Amino acid sequence: MPVSCSICDGKAILKRPKTGDALCKECFYYAFEEEIHKTIIDAKLFTSGETVAIGASGGKDSTVLAYTMKELNQRYNYGLDLVLLSVDEGITGYRDDSLETVKRNQIQYDLPLKIVSYEDLYGWSMDSIVKQIGLKNNCTFCGVFRRQALDRGAMMMKVDKIVTGHNADDIAETVIMNVLRGDIGRLRRCTAITTGTDGALPRCKPFKYTYEKEIVMYAYFKKLDYFSTECIYSPNAYRGFARAYIKDVEKIRPSAIIDIIHSGESLSVKKDVRLPVQGTCERCGYMSSNPVCKACVLLEGLNRGLPRLGIGKTHKERRKADEAEKAKKAAENLNSEDQKSCDNSSDQSNNRTCGSSCQCSTDISKLTLNSKPDVSKLDF
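What counts and how
Residues numbered from 1 in each chain as written. Predicted model: local features only at pLDDT ≥ 70, side-chain atom pairs only at ≥ 80, totals over all residues. Heavy atoms only, no water. UniProt positions renumbered as here; feature names shortened; annotations may be inferred. Salt bridge = Lys/Arg side-chain N within 4 Å of Asp/Glu carboxyl O. Helix = DSSP H or I, 4+ residues; strand = E, 2+ residues; numbered from the N terminus. Buried < 20%, exposed > 50% of the residue type's maximum accessible area, 1.4 Å probe, protein only. Contact = heavy atoms within 4.5 Å. Polar contact = N/O pair within 3.5 Å; in protein donor to acceptor, adjacent residues only side chain to side chain. Pairing = 2+ DSSP bridges. Right-handed = clockwise from strand over helix to strand, strands pointing away. Core = buried A, V, L, I, M, F, W, Y, C linked by side-chain atoms within 4.5 Å.

For the protein, the name recorded in an unreviewed UniProt entry is Cytoplasmic tRNA 2-thiolation protein 1, with Mytilus edulis as its organism. On record in UniProt, under Sequence similarities (unreviewed entry), the comment for the protein is "Belongs to the TtcA family. CTU1/NCS6/ATPBD3 subfamily." Its UniProt record, at the heading Pathway (unreviewed entry), says of the protein: "tRNA modification; 5-methoxycarbonylmethyl-2-thiouridine-tRNA biosynthesis."

A. Geometry of the pattern of salt bridges. Here the structure, examined in full by the defined rule, presents 24 salt bridges. Here Arg-104 and Asp-225 are joined by a salt bridge, their closest N and O atoms 2.6 Å apart. Here Arg-104, found in helix α3 (residues 95–109), pairs with Asp-225, found in the loop between α9 (212–222) and α10 (238–252); they are 121 residues apart in sequence, far enough to count as distant. When its relative accessible area of 38% is taken as the criterion, Arg-104 is described as partly exposed. A salt bridge links Lys-247 to Asp-169; the shortest N-O distance between them is 3.0 Å. Within this pair, whereas Lys-247 is found in helix α10, its partner Asp-169 is found in helix α7 (residues 168–181), the two being separated by 78 residues in sequence. In this structure Asp-169 comes out as buried when scored by relative accessible area, which is 4%. Several salt bridges share partner residues, and in doing so they unite Arg-16, Lys-18, Glu-35 and Glu-214 into one network.

B. Inspection of the environment of Ala-237 at higher detail. Along the chain, the position of Ala-237 falls in the loop between α9 and α10. In this structure Ala-237 comes out as buried when scored by relative accessible area, which is 16%. Separated by 102 residues in the primary sequence, Ala-237 and Leu-135 place their C-alpha atoms 8.8 Å from one another.

C. Seen up close, the UniProt feature "binding site: ATP" (unreviewed entry) in the protein. In the UniProt entry, the feature "binding site: ATP" (unreviewed entry) is given for Gly-55, Ala-56, Ser-57, Asp-61, Val-87, Gly-165 and Asp-170. Setting aside its immediate chain neighbours within four residues, Ser-57 contacts Ser-62, Arg-95, Ser-98, Val-102 and Arg-146. Among the polar contacts listed, one links the side chain of Ser-57 to the backbone nitrogen of Gly-59, at a separation of 3.3 Å. Accessibility expressed as a relative area gives 14% for Gly-165, which makes it buried.

D. View of the pairing of strand β5 (residues 113–117). Bridge count for strand β4 (residues 81–88) against β5 is five bridges, and the pairing is parallel. Bridge pairing links Val-87 to Val-116 in β5. Assessed by its sense of winding, the connection that carries the chain from β4 through α3 to β5 is right-handed.

E. Structural detail: the nonpolar core. Residues Phe-28, Ile-40, Phe-46, Ile-54, Val-64, Met-69 and Tyr-218 are the most contacted members of the largest nonpolar core, which totals 38 residues. The biggest single contributor to this core is helix α1 (residues 25–43), with seven residues. With near-sequence residues (within four places) excluded, Phe-28 lies in contact with Leu-14, Arg-16, Leu-23, Glu-214, Met-217 and Tyr-218. Counting residues in hydrophobic clusters, the runner-up holds 37 residues, among them Tyr-118, Val-130, Tyr-233 and Leu-299.

What follows is the structure in structure tokens.
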């Protein structure tokens, strides 16, 4: 027996994962878009006349975000100037293909597009980073570099705000990850619908209360052009464990995702708890709670051949690096003094003043224990 739509009494073709309501296709579109519009209005995300960059990766979330933002902007006259902003991490076989989808979206939605790359910004692609660090910690580099790359690209386009496709599932996963890490600073702000208000560019999440399943359903029924392959470097990502946990909990309690988000929103921190103070990086000027931002620390490690410098217990890696640097400088100074002593010697045959770097014709340092030099020829 056909099921009737909960709104129009027509023939229902789907059951909303979020509410359990049976809806026809058109009513689902309406409910989906109206909830996003309500989120935007209630949170006062935008002001008329602003230029807003849509973080576009070619995936389902960013493609649906670009489509709905354009639709709602025209329907409700937000007065926004929308542009697409993409980051090329340099992942062969993944990002190069997804960027082709973004370029098609640019034509389909008639929006300007800007692409910034890790190679241009940092001198490293993710392919080259993975060769250095391996698959275990590569997501740390990508996450840090990507956040900064989006901001830098947005500054190049002179936009007022950035919108990203972070959905309810993503935010719930972030809450769980920060709980497991005991990161009270990030846990306090990870459910905020707008972040970065104390920095150069605010970031907004219109999909904060939108389920990932519904985004997939919307893209499918609307026949939107999006790229669905997962990143080839993400199988061991820490986020994957949080995602698996939430999916298991959701089977027992369907409202688990929204419940986790509301729990994060209700979190309060005691006044006497010390939290990181937002400042700016002394090297690149990017916002940071430390004198040197995470991106600069990671980049320093890569450039010095010490890719683990910014991962885990940074102070230990930095101590090892500093000790190695001191040893290297000490060796260079010793060689320099030896060479200088050799050059100042009036008698090149007198090797008593020469060190290991001496290039004299008779070099005692090159003689082995088993060799028998003709000592009669040496000037003692």
